[in-house]
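For reference, the chains in residue letters:
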Amino acid sequence: MRNYFILLAALFSLSASAQSLDIEGETKHWEYNINGGLNTDGWQWDTGIAYYPIETIGFKLAFGFAGEIHELSDWDFGYYEDYYHNYDKDYTVRFKFMPSLVLRTPQLIRWDSAECSLHLFAEPGLILSPGAEGSRNAETVRYNFRGGINIQSGIFIISAGYEYSNFSLYSGYPYNEHGLPDNDNYTTHSGFLGLAVKF
């Protein structure tokens, strides 16, 4: 526990000397972001807003969805008019609301010629999610951790990261198209890309 306090103290002290949020004489405390990726069970995307009282520590609220990947044969491009290709199938989808703390390092590498810098980030938080359609007693509060790298250039940020959570798409054994696991309480691994804009 002591090591966490040392890390936080170091981030606070470094933030005063590396204000990459200072753009054209104005510090940008807010960020809008959107992320998309693939996980253990299928796809995911989310969008949200973050507030940084200082450069290296912020608070984020995001919402999004996770779901099963549709089979190619079920994408209706207007070529099929028969019943099989037009009725609704039971692909599992879950809504997610994700509050988190955001920790970001000061710039680790600076490329002056490209006017951009490299940072690491970590986002410990929660996932609040009602169960998918047809589920019974699904787990609605789960922990979540994101980490990765981002490149900042002006007001734009590009991110790539990894996510680890005990959120499971099939919690409560909902209606689904690809078959249910034997155990609905498992770890979900995700990879994602993101884009953010400071304002």
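Before any of the text, the structure's been laid out above.
Conventions used here
- Residues numbered from 1 in each chain as written.
- Predicted model: local features only at pLDDT ≥ 70, side-chain atom pairs only at ≥ 80, totals over all residues.
- Heavy atoms only, no water.
- Helix = DSSP H or I, 4+ residues; strand = E, 2+ residues; numbered from the N terminus.
- Buried < 20%, exposed > 50% of the residue type's maximum accessible area, 1.4 Å probe, protein only.
- Contact = heavy atoms within 4.5 Å.
- Areas by Shrake-Rupley, 256 points an atom, 1.4 Å probe, with all protein chains shown as cover.
- Core = buried A, V, L, I, M, F, W, Y, C linked by side-chain atoms within 4.5 Å.
- Salt bridge = Lys/Arg side-chain N within 4 Å of Asp/Glu carboxyl O.

## With respect to the overall build of the chain
For the chain, the helix and strand inventory stands at one helix and eleven strands. Its helices and strands taken in sequence order, the chain reads α-β-β-β-β-β-β-β-β-β-β-β from the N to the C terminus. By residue count, 43% of the 199 residues in the chain fall in the buried class. In the chain, 63% of the contacts between residues at least 6 apart in sequence involve partners at least 24 apart. Summing over all exposed atoms, the chain offers an accessible surface of approximately 11200 Å²; the carbon and sulfur share of this is 62%.

## Here we look at the environment of Ala62
Note that Ala62 resides in strand β5 (residues 57-67). Taking the C-alpha atoms as reference, Ala62 lies 8.9 Å from Ile34; in sequence the two are 28 residues apart. Apart from residues no more than four positions distant in its own chain, Ala62 is found in contact with Asp46, Thr47, Gly48, Lys96, Phe97 and Met98.

## Topic: the nonpolar core
Core analysis: the biggest nonpolar cluster contains five residues, these being Ala62, Ala66, Met98, Ile127 and Phe167. Non-local contacts of Met98, meaning those with residues more than four positions away in its chain, are made with Asp46, Lys60, Leu61, Ala62, Leu126, Ile127 and Arg146.

## Some words on the pattern of salt bridges
For the coordinates displayed, the defined rule picks out six salt bridges. A salt bridge links Glu123 to Lys60; the nearest nitrogen and oxygen atoms lie 3.3 Å apart. One end of the pair, Glu123, is in strand β8 (residues 116-128); the other, Lys60, is in strand β5, with 63 residues separating them in the sequence. When sorted by exposure, Glu123 lands in the same class as Lys60, which is buried.

Any functional reading would require information that these geometric values do not contain.
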